[in-house]
Structures are given as C-alpha cells and as structure tokens.
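What the coordinates show
Read off the chains here:
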Amino acid sequence: MLRKMFDVLEGLYSHLRSMGLVLKHTFAKRVTVQYPEEKPPLAPRWRGRIVLTRDPDGEERCVGCYLCAVACPVDCISLQAAEREEDGRRYPEFFRINFSRCIFCGYCEEACPTYAIQLTPDFEMCEYNRQNLVYEKQDLLISGVGKYPGYNFYNVAGLATKGKPKGQHENEDAPVDVRSLLP
Amino acid sequence: MAIIYIDGKPLETQDGQNLLEACIELGLNVPYFCWHPALGSVGACRQCAVKQYRDENDKQGRLVMSCMTLVTDGMRISVDESESKDFRANIIDWMMTNHPHDCPVCDEGGECHLQDMTLMTGHNYRTYRFKKKTYVNQNLGPFINHEMNRCIQCYRCVRYYKDYAGGHDLDAFASHNHVYFGRHEDGVLESEFSGNLVEVCPTGVFTDKTLKEHFTRRWDYTTAPSVCVHCALGCNITPGERYGKLRRIRNRYNRSVNGYFLCDRGRYGYEFVNSDKRPKAPLKRQMIDGKPVHVPMTRDEALSEIGKFFSNGSKAIGIGSPRASLEANFALRALVGAENFYLGLSKADGKLLSAVLEIVLSGPARQPSLGELKDHDAVLILGEDMTNVAPIAALNIRQSVNNQPRANAKAMGIPEWNDLPVRRAMDTDRGPLFIASVAPTRLDDVATQTFHATPDGIASLGFAIANFIDPQSPAANVSGEVRALAQQIATALQSAQKPLVVSGPSCRSEAVIQAAANIAWALCRKAKPAGIYFAAPESNSVGLGLFGGANIENAAEALRKGGADTLVVLENDLYRRVPAALVDELLSLAKHVLVVDHQYSATAQKAEYVLPGATFAEGDGTLVNNIGRAQRMMQVFNPEGEITESWRWLRRLRAASGKGREDEWISFDSFLHALVAEIPAFSHILDAAPTAAFRVGGLKIPRQSHRYSGRTAMKANVAVSETGVTADPDSPMSFSMEGFSMMTPAALMSSFWTPGWNSAQSITRFQEEVNGPLEGGDPGVRLIEPQPDSAVPYFDAVETNESHDAAWTALPLYHIYGSEELSASSPAVAELSPKPYAMLHSDDARARGLLDGDAVTVKIDGQEISTSLKTNDTMARGVVCLPAGLEDAPYIEFPAAAEILRSVTS
Amino acid sequence: MSSVVTSLLVIVFVLFSLLTTASLLIWLERRLLALWQDRYGPNRVGPFGLGQVLADMIKIFFKEDWTPPFADRPVFVIAPTFIVITALMSFAVVPFSPSILVSDIDIGVLFFLAMSSLGVYSVALAGWASNNKYALLGALRASAQMLAYEVFMGLSLMGVVAITGSFSMQAIVKAQENIWFIVLQPIGFVIFMIAGIAETHRIPFDLPEAESELVAGFHSEYSGMKFGMFFVGEYIGITLISALLVTLFMGGWHGPFLPPVLWFFIKVFFFICGFILLRASLPRMRYDQLMAFGWKLMLPLSLLNLMATGAVILWSS
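Note that the structure is predicted; figures quoted are calculated from it, not measured.

Rules and cut-offs
Residues numbered from 1 in each chain as written. Chains lettered and ligands numbered in written order. Predicted model: local features only at pLDDT ≥ 70, side-chain atom pairs only at ≥ 80, totals over all residues. Heavy atoms only, no water. Helix = DSSP H or I, 4+ residues; strand = E, 2+ residues; numbered from the N terminus. Buried < 20%, exposed > 50% of the residue type's maximum accessible area, 1.4 Å probe, protein only. Contact = heavy atoms within 4.5 Å. Pairing = 2+ DSSP bridges. Salt bridge = Lys/Arg side-chain N within 4 Å of Asp/Glu carboxyl O. Domains from an automatic or database assignment. Buried area = accessible area lost by both parts, 1.4 Å probe. Polar contact = N/O pair within 3.5 Å; in protein donor to acceptor, adjacent residues only side chain to side chain. Nonpolar A, V, L, I, M, F, W, Y, C, P; charged D, E, K, R; others polar. Expected span 1.5 Å × (residues − 1). Core = buried A, V, L, I, M, F, W, Y, C linked by side-chain atoms within 4.5 Å. Phe/Tyr/Trp six-rings, centres within 6.5 Å; stacked < 30°, edge-to-face > 60°. Lys NZ or Arg CZ within 6 Å of the ring centre and 35° of its normal.

Points about the overall build of chain B
- When you go through chain B residue by residue, the secondary structure sums to 25 helices and 37 strands.
- Expressed along its principal axes, the backbone C-alpha trace of chain B runs to roughly 90 × 80 × 65 Å.
- Expressed as a percentage of its 906 residues, the buried residues of chain B come to 65%.
- Taking the contacts inside chain B whose residues are at least 6 apart along the sequence as the reference set, 74% of them involve residues at least 24 apart.

Structure representation (structure tokens):
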C-alpha cells in the first residue's frame, strides 16, 4: 500500500517535472530557420536539383547506360541512348527527368558510372504548372564538371572512339598483333 | 536415379548427367562459362570448380570441374566449401584482368553472364596491376557488333559457330593469351545463324547491331510471348518494345520448336514493324490534282462508309492470306461468307499446299516437331533448300548427322555431354544425309551424297527409293547411276532407327512432294518409324490450307461473273502471288477494293480503302506452323493511331454492316470460340494458351519486368499527368509491371529471369531438366496427327522428261534474306539480300557462249527480265534459277519456260 | 422589457466571445506548442500569424463536406452538433461577472453536470454512425471513459457545494469572497481538473481520438464543417472546464483593482494555457491505466474528500 502510494506520488512528481521542463522552453531560443528571408546553409553534397555534367573536355559525360533510370525508385528518369556517328561516343538522344515525381533520393547519382548525373545544392524549383517540372536534356545539362573535376570515362573505358583508338586509353597495351606468335 | 550428397544433403539426380547439370537442375548457383546446354562441356573455363570428397570421413577433398564430372551414386561434393569458393573467385579475377571498364556502353550490360558470374563468385576489385590487353575489332556485317576487348576466351562462340551451326568463317586466332575470335578479315559472317552468337557469348563480344540503333536495356522492354512470322516453322520469340517501337527479337526457348536458337531472318527481320510507311489510320483514295492519293479518315467514318458495302443483299469477295493469323482469316470468312472466301494463294501454290495437307492428314507417317528433327539418324531431303526456306530446320538436320557417329563415342563409354572427346570419337564420320535439289544447298557440306536434278529428276529418284524400300510402290524409270544412288539411299534409310524424309514446295512440283510421301509411307509400312517433314512457304500457310477454299484465280472468275461489288484483301500483297495483269484485272473488276494490312503493299497502294492492321507484335493471334502446330502469339504493345488486329477491323465491319451484333466477338476468347465452333478442325487451338481470364494468384502476368524504368517520365513530355495503363481484354497479361511473374505457364512466359541470372543462360532455371521442356510443358498444340493404320495408296510415279532442248525451265531459288516479304523491308536484312541474277550450269552457259557475270535477259511469259548471269558447276542441267520474291522483281509463275538472251551491252 | 434586452445582450456577448475564443484557441494552441517546442508556429498570415484563424475558418467552410455512403446519415449529421450545443448550454450557468450571467439557476452545478453527460452522446453517436471500425472503437472508448470520469467529477464538486450550501454558481462565487475554495478543497480541485481534462478528451486522456492507434477515432470519417464542429466543440470544452475551475475553485470573477470580468478572463486564460502545457509535455495514457486510474484512485479519493469535508462541516457547525 505504501509502495503504491509512493508510486503514485513519484508519478505525480515526474509529470509535474516534465511540465516544468517543457515550460522552461518558453525562454529557449527557437531553432526554426525563417526560410524565405533567411537562406539555410546547404552542404555541397546536398541532394537537390539534378544536373547532367560534362567531362573536362567539355563533352557530355552521360553515355546513356540507363542505370540511373533503373535505380530510380519512382521511375522518373527516362532516356534513349544513341551513338554519335562522327566519333562513336554514346550519348543520350533525349534525357528527361519528371521532377514532379522525383524524391531526390540520389540513387541515380550513386548508380551513375560516369559521374554524369549529379544532385546539386538547389531545391528552389517550384512551379505553378506541373508540366514545367518536366526537365529535358537542355534543362539538365550544365557546362561544368560538377563535383568530380578530373574524371573522363572515355579515358579509362577502353572503348575506341575517334581520336582515341584501341590501346590509347589509360593503363592499356597496344592492340594485340593477331599474326604474331611471340609471347 | 543417383543420390548425391551436396554439402551433406542427399539429393536426387539423373544418371549420366554431369555434376554441373545436376547442380543447375537442383537450383544451385554454380558459376560456369564454357558449358552451354546445347554445346555440352569442355572444361575450358575452370569456373565451375566444386569440392569432391572420397567418403564421409574425407575432410580434405579435391577440386573438380563439375561440368567434367560424371554424377555417380553416393557421390559427396560441396559447393559452398571455402577453397572451391576462393578458387572460383580467383578464376574470375584472372578473367577480369583484361576485361574493359565499359559496361555502361556495352549492350550486354544487364543481361551479361559475365556480370552475373562475377557477382555470384563475389569478386569485387581488380588486383592485377598491369596494363590491359586490347584488340582491334572487326566489322562482321549488319547483324553482329564485335568488341573483342571484352572477350574472356571461353570458346563458346567458335564451338557454336563451327561445331554446331556449321559455319566456317569464325575462328580462334593467335596463341597463348592473345587468342582472338573473329574472321580472317573484316566481312559479313556467312552463317545464317550468326545472330545466336549474341546469346551464346557470355559477355559483350558479340552484340546485336540492329539493337544498337535504338538501344534499350533488358529490363526496359515490354515483352510478350510471340511467334516468328518470317517462315512457316513458327519459332518462338520474345519481341521487346520500348517507346512504341519494336527494339529487338530474342529467342524464346521451346524444346519442341526452336530450342535455343533463331535464324538471322527471324532475329533481324523485325524492323518492318517500325516502318514509317505503314498505314496508321484508315485510308481512303481521293483524287487530288488529278492524282490518286490516300487520305486518312477516322475510324467511325471508315466503318460507316465501308460497312455499307457488306450490308445484306450485297456480295463481297474476300481473299485471305497465309501470313495472316487464323483469326484474321476467319473474321474475313465470317464477313463475306464461306462461299465468297478465297485463300490468298495462286492456283499453283494452292495445289502444292493441298498436296502436302492430303499427305499429312491421311498418311501413316508422322511429322516430327522442329525440335525432334535433331533426333533423326538418317535424313533425305527432296528438292528443298532448307537453310533458305526453313532455316532452323536446316540447323537441326545438321545436328542429326551426328547421331550415328555418336554411337562410336557411346561404345567408348564417353558421356554424351563431354563434347570434345565425343567429337574426337566421331572423327569425320557423319550420319546419312542425302540431299536431292535443283541447285547446291547450304547443307551440302555435311551431306553423304548430293544429287542435283530437275524437279522431275528429283521426283523420279524419290519414286525409285520408295520402290526399293517397298516394291509395291510404283517404280520410276531411272538411269543406272540414279538407280544405284536410290538403292544406297533406300538402304541407309532402312537401316536407320529413325529415318526422316524432308520435302516441300520449293521445287514447284507436286511429284516431288508425292515422291517424298511414297518414301515415308514405304518406310512406315516396313515398320520403320519414319518421319515426314514438309517445309511450307509462310507463317500460316498450313493454317490457311486447313480452312480449305478456292484460290485467287477462282476469285477473279467469280468477279468476272459479276454480282460482287466489293473485294476485300486481307494482309496480302497479290502482286507477289499472281501475275500483275491478273491483279490489275481483279482490282479493276471490283467496284470497291478494301485492303486490311499492316504493310503499305503494292496492292494496298491501289486500294480504294486501306484499314491499318496489326503486325505480330501489336495483336493477338494464332499461327499454324508447317507441321500443323498451332501457337498463340500475344500482343506485345499497344500501337499508335488506329492500328489494330485485322480480325478486329473485320469484326467491326461485320457489326457496322448489320451482319453481326455490335457486342458480338468483342473479346478474343469469344471470337476464338466462334472460330472453333464453325471449323472443328481447329478445336485444339483453344489449348494453345490460357484464356484471358487466367490468373496467377488472382493477378495478371506482367509484360514488363519488375525493374522497368521511366514509367513516370517516358510520356511526361506529352503530358505530365500520367494516363492509366491500358487494359488487355484479350490475354491474361497486363501492359505494365503489375502482376505476378512467377509460376507463369510456359505459353505466357516471355522473359526468363531469376535472381542472380539475368542473361540468356537463365533459361536452365525454367526447364524441367537440362535441355528438357519448359516447366509445365512446351506451349503449342499439334493439330495434325498421322493415321498409323492408313491404307492410302501410293502416288503414281511421274514420267521423266529429260529433254531440255526446247526451252529452259525457270525455277525459283529462295533466299533467307530477301525472299520473304516482311523481313525484306528491314534494313539489316535488305542489306544482305541478293541482287537479281539468273543462274545456269556452267556447261549450259558455255554451250550458249555465256560467262559468269554476263548481262543477260531472261524472257518468261512475254516478260523480259534484265539481270546478270551466275554459273554453277553442279546444279541441274537445263534449268535457269532465279531468286524468288525479291523486292521490285516482277512476279513469275514457276516453273516456267524461259528463253535466255545475251543483253546488248552499250 | 429591459431585462429581456439585457439577457439577450448577455447571450450574444457570451456566444460571440466563446466562438471567437474557440477559434483563437486554435491559433493560441499552435503558437504555444511551437513556443514550448522551440519553434514559431503559424506566423505568416497577418500579425503574429493571427490571420491563420481566418484562413483556417475559410478553409474549413469550403472543404468538401463528405458523408460516407456507408454511414447512418441522419445520425452522422446530427452527432457533431451535440458537442457544440451541450458545451455552449453549459455556459448559461457560468457567471462572467456579478452582472454578466445568462441564467443564475439554483441548480447551476447540476445543470453543468447534466450537460457534460449529454456531450458523450455526440461522440458515441458519431462513432456509431460512421460505420467504421476505428470510429466505433473510439466511440466505445469515449463512452467508457466519460462514464468513469463523470462519477467522481460530480463527487469532487460536492465538497464545494457542501461548503457553500448551494448549487448556484453565482452563490459559489460569492462564497469565495474571502477565501478561494482551492485552499479549502485542494483535493477536490485536482480531481475536478483531472476529470475535466478527461471529459474534453484532451491529451493525456485523448484515447477516443488516438490518431496513432485509431487513425482519428470517432471522427475518422468526418470532414469539412462537421469535423470543424468537433474541433470547435473541443475548444469550447476546454474553455468551459477552465471557466468552471475558475468559478468553483479560483474565486470566479473575484480579484483586486481590475474589473471582475477581466479577472475572470485572466484566470480562464491561465488554465487554458495549462491545458496546452499538458498537451505539450505529457504522453497519452494506456487505456487500462486510464480506467484503473479513474476507478481505483480518483473515485476513492473523491469519496474520501467528500467524507472529510462533510465531517469538517458537521464538526464546525
């Protein structure tokens, strides 16, 4: 009985104490950032607006491998790969992101083997018309390298392109001479 | 039955298997490269290593290559043991030392056996520090893209290409770790089956070049089980669609039909579906500026305008088609009435087809399925160039010559799957294969004997063989040399376990077909389980033949008689079937001409109305192949515009004309039931596939993979608000990724995938046993079965007329690329289709003072065809062979009397 | 004549101030919760976000007023009105000041108890008429909870009544001129406050709604203005309990310097803030705890309190 009463009193105290602690917050500093007037600090790896970057030579990095599209959990990326006739490079014939579906999870960036698709610290992309949230390649492609300044897929891929035949890539031997029997 | 212990668990396996096959059948993940279910084991890649133990006390064990180890009862092995795991990871590590870093731009990526196996073994990072080897690629023609850097030297390509498909121009070059797989120089791969390299190669060395033009990853296709329409064999295919265009054709395994392989016509002929020239809305011919022009109209306009022509009291003539589905032909028959329905065949074609049907329907000889051709041990081909007419049949007949020599290997105790020793034991021995043809064929290299003669000569040989086997069959009057050959063939056929006689209409001779029947029947009557196999010209020729009906010439007669105002032509280009003059007459006799077709053919171009029909990829239908196997093809995707199945157009017209009710035959199943009720011969086609009400776990079967990408973006450029998924009332499949994709019946199985197995090799996971039928049985039903006790009399022998002084006999030569109407408009196939030519025996040519390459004019039926001359040393004498069915070439009714003149060269 | 006009004026004043207060409370609660959670709360619409009240009202008036097809339509429609009507009726006996009072009836306290008992019908009927298992569960919980807590709610007031010797509210207030009853009846005050929170089903006694367990309990199926009535009813309920706490225990409108009606409002405001603080700091009880707490602790305690009060009154008289 005494134990029960003690429990009741202890419970009462704990309740009153929590109320007191909450009340103390009347004088605490508020943590809310007053967004439109006060811009929040964004980390460089913030997952915001998606862009397509270019390699250091200024060519499109995207090779149209479809990995971003398949990684996308909301299926909001669609593209068509094509091969450029003049130099044999793959590129996306069209590249479309439906930002009205995008959840900015960054899986596309993770999946991208050429560092082409990158998420940027920009989230201010509201529109009054949903249709304007459908971004085509010209809206996505930027003229810089983004987060990975030095990377050029075609330097390491081993795929022959114009001006970079077999054996000219990093860490590659000259093409094998099929007619030679030397080791 | 053998019990083996894998990681301590007792498991049942079949006797005579190798360990790898056993593991695969048990659903274990043992990685491998060089083994292929159709090619057997060679133990080259060392990837399938597992640990074998002497007995339960053996803790040490030893590594064995599972593909080279015969399963024995009580055997103890371990797959998960760490040493074998490390070994397998090491093997991949070594294989990957030179593999390039180009998966993102490799078309194999996502369905790559090498990717799967790398993941399976757990190899992650390349530890080799030195430079990668590179190779220069070759241009291998319009079908195959070559990227030699990716090669892992498993030798599957040359084993398939040379040993299986009989090609000569792909080989391994150079030595040690420089081995190179390619041709001796750039050039088109000669084999008609080169496209299978795409699926045989475990990685991206050989990829589909036509796919590269509109590349799509494996997971992004909308697929459905379908049937190839480019010849009569009915090979099972999986077409893949994306963004409204057909992207590629992949093989769909069906043991009873095509097995693992497709021919290049079937694989690369698909692009006619994507043609811009196709009609996409109902068209009406109008005169604009004095020229007839087809202008589009709406569906309702078209139906109300055209429907009137069929209303009660008016008579319409309908011409069916051997390349249209059973349903389409039946819908036409229902629209115009059975008495006004004509098969879309010329008189000559119809006669040959009914000769074949009469033989197979009433005779005692069974028609083996396409897959069973491999099992025969003596084959006689009468007057047919199988490679160009029925390509996969030729590939399977090529395998049949190995059956007798395999006995050598069996006698030495070598298991059948142990490929290299079996081939050593076979040496150069080949089983009996006799080919009688007008001109050399692509199977001649494995033939025991070839015989080149005129169709009559071939028929006589056939009758002589039959006479040798069963003296009751009519004798033929043949020379001594031919007689000796006939005896040799008769002996070979009689001493075989399962002889097979192959023939077909390519010789344009009923006698050849009858001779083949006589041989098969004679064998049957001598208690040999002889098979008979007829090639047929088009995808639904036999189905159309089973309808029964008159031919195009009869249709012309009926029109001439008057009374009929309207002519309906169903999926048929009449200019390819009968002389142009007759077609012109037909079209001018009818007041209204309506063409329902998916191609804007020459006939369609002259029609008053054209209704846009669906191709095989855009509609459901049933096709009956050359041996009477009915197979369902499911719609792959929803086409743009007003394109829909021909049967649906004709049903709508029937309703619009007041002949049928508006709500009649709305669904495919109800229509199919109407067909079967009307024509009982087709009653089994209902079993070809489950009905539209079929569900697995209450769900439809998805046409898209569970990884299908871009659903919310692919049409967002048109409108960001997503439209719903189109319902499919005709089949139990959904046009989306929603549904249940496991436990699917084989008839609805279009893409084969299990976790960890993304490549074409995943097929082994869906077979009842390695090389066995698909789980639940192979799809398709046989409509024609033999009458074993039939007492049909033998056909009479023909009188041979060997004199060829008066004129040349013009005969057709069929070409795998170019002779078939639909595939010929696919750019890759068109690139390889031959230029027009006329071919003569070199002696015949020399006698006329003509040389190879001369410009000549061939005069047939008053038509003058200017072409260039080809000569051949072995073909039949007195015959001029012309390529059949080439685009823009005029129609010739073969056989024809021809005159050859040297063209006047300027 | 003039008394009728006065009464009407008083009624209009009471109704107006109550409805205004109810809507302002929505804003106040959000702001206070935000304050105690180190946020701002609604601060965008108008000064201090006061326009939010108007915006919310406009919103709730224009929302689709949907009645589920499976619901018992007449009951479904009537149920939400009950809660508002009963709470407003209770205010008829609340003295705002010596002169501002709708009706000084002799049985004021009993009238209030009767009205608050009626309020349970609203919740029970709403849950029943919704024809939805969550709503019904909410309604069942509400009925049991209100039944349990009403018993000692009444008992807790009896001490006050005994001391005053009258059920009239005005009399009770006047009796507190010298000493507030919170001093004489501290246990009665605590019990009444707890019972009051439970009657308005506010946190920590919001089991009938319990959005994390029952979606939204008895008003799961309500939307638009019908939902708005539950919403408003809840805030009027809070005001009512606060007003009664002030009237019965905190000396009503008594207070120095300021006019009585202002004192009344200041005290009420204080209790309302207390209610909100409770919501900001305490978690929801478990249902068995709620019942055990009511029947096993509060009821005996209120009986003891009544007995002790009675004894003291007997002894001192």
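Regarding the sheet that holds strand 28 (residues 629-633) of chain B
All names here are of chain B.
- Pairing is antiparallel in the open sheet, where 3 strands are placed in the order 27-28-31. Unpaired on one side and paired on the other, strand 27 (621-624) and strand 31 (781-782) mark the two borders of the sheet.
- The pairing of strand 27 with strand 28 spans 4 bridges and is classified as antiparallel. Directly across from Thr 622, in strand 28, lies its bridge partner Arg 632.

Some thoughts on the pattern of salt bridges
- For the structure on display, the rule yields 65 salt bridges over all chains.
- Two residues, A:Glu109 and A:Lys147, come together in a salt bridge whose shortest N-O distance is 2.7 Å. Taken together, the positions of A:Glu109 in helix 3 (residues 107-111) and A:Lys147 in the loop between helix 4 (137-140) and helix 5 (153-156) put the pair 38 residues apart, joining distant regions of the chain.
- Of the residues examined, A:Lys147 reaches a relative accessible area of 26% and is grouped as partly exposed.
- With a closest N to O distance of 3.9 Å, B:Glu821 and B:Arg576 form a salt bridge. Here the residue B:Glu821 occupies a position in the loop between strand 32 (808-813) and helix 24 (827-832), and B:Arg576 occupies one in the loop between strand 24 (564-570) and helix 20 (580-589), the gap between them amounting to 245 residues.
- Looking at B:Arg576, the relative accessible area reads 28%, which means it is partly exposed.
- Three or more residues are tied together by salt bridges with common partners; here these are A:Glu59, A:Arg84, A:Glu86 and A:Asp87.

So, the domain arrangement of chain B
All names here are of chain B.
- Annotation of chain B at the domain level lists domain 1 (2-95), domain 2 (213-274 + 690-778) and domain 3 (808-902).
- Computed over C-alpha atoms only, the centres of domain 2 and domain 3 are separated by 40 Å.
- Of the roughly 810 Å² buried between domain 2 and domain 3 on both sides combined, carbon and sulfur atoms contribute 63%.
- When the buried surface of domain 2 facing domain 3 is broken down by residue, Arg 265, Glu 271 and Phe 272 rank first, second and third, together holding 56% of it.
- At the surface where domain 2 touches domain 3, the tally comes to 0 salt bridges.
- One can count 6 residue pairs in polar contact (both at pLDDT 80 or more) joining domain 2 with domain 3.
- The class makeup of the residues in the side of domain 2 that touches domain 3 is 5 nonpolar, 2 polar and 3 charged.

Regarding the pairing of strand 34 (residues 855-860) of chain B
Residues and elements named next belong to chain B.
- As judged from the 6 bridges shared by strand 34 and strand 35 (residues 863-872), these two strands associate in the antiparallel manner. Residue Thr 857 lies in a different strand from strand 35, and its bridge partner there is Ser 866.
- As paired elements, strand 34 and strand 37 (residues 896-902) share 5 bridges and run antiparallel to each other. Each bridged residue has a counterpart across the sheet, and for Thr 857 the counterpart in strand 37 is Leu 901.

Re helix 22 (residues 646-656) of chain B
Residue and element names in this part refer to chain B.
- Burial within helix 22 is extensive, with 10 of its 11 residues counted as buried.
- Residues Ser 646, Trp 647, Arg 648, Trp 649, Leu 650, Arg 651, Arg 652, Leu 653, Arg 654 and Ala 655 constitute the buried set of helix 22.
- Considering only its buried residues, helix 22 is in contact with helix 8 (299-307), helix 9 (326-336), strand 24, strand 25 (592-597), strand 26 (609-612) and helix 23 (668-678).
- Of the residues flanking the end of helix 22, it is Gly 658, one or two places downstream, whose phi is positive at about 90°.

Description of helix 10 (residues 224-249) of chain C
- Over its 26 residues, helix 10 of chain C runs 37 Å from end to end, which matches the ideal 38 Å to within 8%, given 1.5 Å per residue.
- C:Gly251 occupies a position one or two residues after helix 10 of chain C and carries a positive phi of about 80°.

Points about the nonpolar core
All names here are of chain B.
- Residues Phe 310, Ile 465 and Ile 519 are the most contacted members of the largest nonpolar core, which totals 113 residues.
- Top element by residues in this core is helix 17 (residues 510-525). It accounts for 12 residues.
- Beyond its immediate stretch of four places on either side in the chain, Ile 465 contacts Leu 380, Ala 486, Ile 489, Ala 490, Leu 493 and Ile 519.

A short note on the interface of chain A and chain B
- Contact with chain A, which involves 46 residues of that partner, is made by 53 residues of chain B.
- Both sides together, the interface formed by chain A and chain B hides about 3,800 Å², and carbon and sulfur atoms give 52% of it.
- Here chain A is connected to chain B by 5 salt bridges.
- The shortest N-O distance in the salt bridge between B:Asp107 and A:Arg90 comes to 2.7 Å.
- One can count 27 residue pairs in polar contact (both at pLDDT 80 or more) joining chain A with chain B.
- Elements represented by at least two residues in the side of chain A that touches chain B include exactly helix 2 (67-71), strand 2 (77-83), strand 3 (90-98), helix 5 and strand 6 (172-175) of chain A.
- The biggest single contributor to the side of chain A that touches chain B is strand 2 of chain A, with 6 residues.
- The class makeup of the residues in the side of chain A that touches chain B is 27 nonpolar, 8 polar and 11 charged.
- By the bridge criterion, 2 bridges tie strand 6 of chain A to strand 6 (residues 132-134) of chain B in an arrangement that is parallel. In the strand pairing of strand 6 of chain B, A:Pro175 is matched with B:Thr134.

Remarks on the interface of chain C and chain A
- At the junction of the two partners, chain C supplies 14 residues and chain A supplies 16 residues.
- The contact between chain C and chain A buries some 1,500 Å² in all, and 61% of this surface belongs to carbon and sulfur atoms.
- Where chain C meets chain A, there are 1 salt bridge.
- Taking the shortest distance from any N to any O, the salt bridge between C:Arg44 and A:Glu37 comes out at 3.0 Å.
- One can count 5 residue pairs in polar contact (both at pLDDT 80 or more) joining chain C with chain A.
- Listing elements by their share of the side of chain C that touches chain A, those giving two or more residues are helix 1 (2-36) and helix 11 (260-281) of chain C.
- The element that contributes the greatest number of residues to the side of chain C that touches chain A is helix 11 of chain C, accounting for 4 residues.

Observations concerning the side chain of B:Gln704
Residues and elements named next belong to chain B.
- Relative to the helices and strands, Gln 704 is located in the loop between strand 29 (701-702) and strand 30 (733-734).
- Taking the relative accessible area as the measure of exposure, Gln 704 reaches 10% and is therefore buried.
- Polar side-chain contacts of Gln 704 include one of 3.3 Å to the side chain of Thr 222.
- Contact partners of Gln 704, with chain neighbours within four places excluded, come to Tyr 221, Thr 222, Phe 735, Ser 736 and Met 737.

A few points about unusual backbone geometry
Residues and elements named next belong to chain B.
- For the bond running from Phe 894 to Pro 895, omega is -15°, close enough to zero to count as cis.
- By the secondary structure assignment, Pro 895 is in the loop between strand 36 (879-883) and strand 37.
- We note that His 176 has phi near 30°; this positive angle belongs to a residue other than glycine.
- Examined against the element boundaries, His 176 turns out to sit in the loop between strand 8 (171-173) and strand 9 (180-182).
- One non-glycine residue, Asp 861, lies in positive phi territory at about 50°.

Some remarks on the pairing of strand 32 of chain B
All names here are of chain B.
- Most of strand 32 sits inside the fold, with 5 of its 6 residues counted as buried.
- Pairing between strand 32 and strand 37: 3 bridges, direction antiparallel. Within strand 37, the position partnered with Trp 808 by the bridge is Ala 898.

Observations concerning the arrangement of the chains
- Where 2 pairs of chains are in contact, the pair with the most contacts is made of chains A and B.
- There is a gap between chain B and chain C: no contact, and a shortest C-alpha distance of 23 Å.

Section: the packing of aromatic side chains
- Scanning all chains against the criterion turns up 48 aromatic pairs over all chains.
- Look at A:Trp46 and A:Phe123: their rings are 5.9 Å apart centre to centre, the planes differ by 50°, and that puts the pair in the tilted class. Here A:Phe123 lies in the loop between strand 4 (117-119) and strand 5 (134-135) and A:Trp46 lies in the loop between helix 1 (2-24) and strand 1 (50-52), a separation of 77 residues in the sequence.
- Residue classification places A:Phe123 among the partly exposed residues on the basis of a relative accessible area of 31%.
- Taking the centre distance of 5.0 Å and the plane angle of 80° together, the rings of C:Tyr222 and C:Phe230 count as edge-to-face.
- A residue is classified by how much of its surface remains accessible, and C:Phe230, at 4% relative accessible area, is buried.
- Chaining the aromatic ring pairs together yields one cluster made of C:Phe112, C:Phe189, C:Phe192, C:Phe249, C:Phe270 and C:Phe271.
- Between the NZ or CZ atom of B:Arg703 and the centre of the ring of B:Phe735, over which it lies, the distance is 4.0 Å.

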